[in-house]
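# Architecture and fold: a report
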Amino acid sequence: MAQKNSKRSKPDHYSIQARREGYFARSVYKLEELHNKFSLLQQGRTYLDMGAAPGSWSQYIIRRLQENVRLVSIDIQDMKYQGPEKIHTCIKGDMFDAAIQAQLAELGPFDALLSDAAPATMGNRIADTLASAGMAEHLLDAARSLVKPGGNLVIKLFMGGEEQELLKTIRQEYTQGRQFKPKACRKESYETYLVGLGRL
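This text gives an overview of the structure that appears in the document. Please read all numbers here as calculations on a predicted model, not as lab measurements. (Residues numbered from 1 in each chain as written. Predicted model: local features only at pLDDT ≥ 70, side-chain atom pairs only at ≥ 80, totals over all residues. Heavy atoms only, no water.)

### Regarding the packing of helix 6 (residues 125-146) against helix 7 (residues 163-173)
Following both chains from N to C, one finds helix 6 and helix 7 inclined at 10°, their axes separated by 11 Å at the closest point. If you check the angle between helix 6 and helix 7, you find them roughly parallel. Residue-level inspection shows Ala133, Ala136, Glu137, Leu140 and Arg144 of helix 6 in contact with helix 7, the latter providing Leu166, Thr169, Ile170 and Glu173. Here the residues of the contact of helix 6 with helix 7 sort into five nonpolar, one polar and three charged. (Axes fitted to C-alpha atoms, helices over the stretch in contact; angles between N-to-C directions. Helix = DSSP H or I, 4+ residues; strand = E, 2+ residues; numbered from the N terminus. Parallel < 35°, antiparallel > 145°, perpendicular 65-115°, else oblique. Contact = heavy atoms within 4.5 Å. Nonpolar A, V, L, I, M, F, W, Y, C, P; charged D, E, K, R; others polar.)

Shown next, in the form of structure tokens:
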């Protein structure tokens with residue numbers, strides 16, 4: 001077990017590239033792949049990054065779209081990345097708290113809700129996948145009031161059998177519902193991403 005943990009902690013290609021390019025986490029390349037696949041990021045749109053810390057997805061969005069974007073990032077932890085105040089609002093708090101949801105509603109609606117959030121893992125795959133599915137359901141519910149008609153949704157999920165039921169719900173509420181695992185995900189990871197395109 002110790003050997004496996006050591007292997008995982010060793011920087012890989014994406015970790016080294018992120019450090020070289022000044023990003024806070026290797027997860028930025030997952031968003032890059034998702035964008036290249038689904039054309040998620042467009043000039044002049046509004047984005048909500050839920051579970052954003054340390055901030056690499058927010059960092060990528062602003063780097064790519066420059067000043068022609070409005071972004072709200074939220075996490076219960078401190079954000080390492082802080083973009084220009086005129087286009088980037090950072091909120092610290094529980095993204096499912098009623099007061100936070102009300103605040104987000106005032107700042108929205110958004111053209112896309114993007115989330116790389118994951119629950120605190122326990123090392124038990126069954127428990128971890130159930131917690132991830134629960135978080136995904138909360139994000140789907142939040143999107144119902146926060147995402148504009150025609151808008152998009154991206155949610156990370158630990159695969160454990162719940163993905164098909166969640167995809168079914170997404171396909172009822174969006175023009176397209178897709179599942180996609182970026183190459184930047186670690187090979188041993190059982191994470192995937194659920195994508196809703198064109199909210200009905």
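### Section: helix 4 (residues 56-65)
Most of helix 4 is tucked away, with eight of its ten residues classed as buried. Along helix 4, the positions that sit buried rather than exposed are Ser56, Trp57, Ser58, Gln59, Tyr60, Ile61, Ile62 and Leu65. Just beyond helix 4, the residue with positive phi is Gln66, at close to 60°. (Buried < 20%, exposed > 50% of the residue type's maximum accessible area, 1.4 Å probe, protein only.)

### A closer look at the packing of aromatic side chains
Applying the stated criterion across every chain, the model contains six aromatic pairs. The interplanar angle of 45° and the centroid separation of 6.5 Å between the aromatic rings of Tyr23 and Tyr60 together place this pair among those described as tilted. With Tyr23 in the loop between helix 2 (13-21) and helix 3 (28-38) and Tyr60 in helix 4, this residue pair connects regions lying 37 residues apart in the sequence. Each member of the pair, Tyr23 as well as Tyr60, is classed as buried. An angle of 90° between the planes, with centres 5.7 Å apart, marks the rings of Phe38 and Phe180 as edge-to-face. With Phe38 in helix 3 and Phe180 in strand 6 (residues 174-180), this pair connects stretches of sequence that are 142 residues apart. Residue Phe38 is classed as buried on the basis of its relative accessible area, which comes to 10%. Three or more aromatic residues link up through ring pairs in this structure, and these residues are Tyr14, Tyr23, Tyr29 and Tyr60. (Phe/Tyr/Trp six-rings, centres within 6.5 Å; stacked < 30°, edge-to-face > 60°.)

### Here's the deal with the sheet that holds strand 7 (residues 191-199)
The seven strands lie next to each other as 3-2-1-4-5-7-6, forming an open sheet whose pairing is mixed. Whereas interior strands pair on both sides, the edge strands pair on one side only; in this sheet they are strand 3 (88-92) and strand 6. For this sheet, the mean angle separating the axes of adjacent strands, direction not counted, is 10°. The sheet contact formed by strand 5 (residues 147-158) and strand 7 spans six bridges and is antiparallel. Among the inter-strand pairings, Val154 is bridged to a residue of strand 7, identified as Val195. Against the sheet, helix 6 engages strand 1 (46-50), strand 4 (110-115), strand 5, strand 6 and strand 7, with an angle of about 170° to strand 5. (Pairing = 2+ DSSP bridges.)

### Quick look at helix 2
Taken together, the buried positions of helix 2 are Ser15, Gln17 and Ala18. Angularly, the buried residues of helix 2 cover 165° about the axis, an arc narrow enough to put them on a single face. Within helix 2, the exposed residues directed more than 90 degrees away from the buried face are His13, Arg19 and Arg20. In the segment just after helix 2, Gly22 is the residue with positive phi, at about 80°. (Arc of directions from axis to C-beta.)

### Focus on the pairing of strand 2 (residues 70-75)
Here strand 2 lies mainly inside the structure; five of its six residues are buried. For the crossover that starts at strand 1, traverses helix 4 and ends in the parallel strand 2, the hand is right-handed. Direction of pairing for strand 2 relative to strand 3: parallel, over a ladder of five bridges. In the strand pairing of strand 3, Val72 is matched with Thr89. (Right-handed = clockwise from strand over helix to strand, strands pointing away.)

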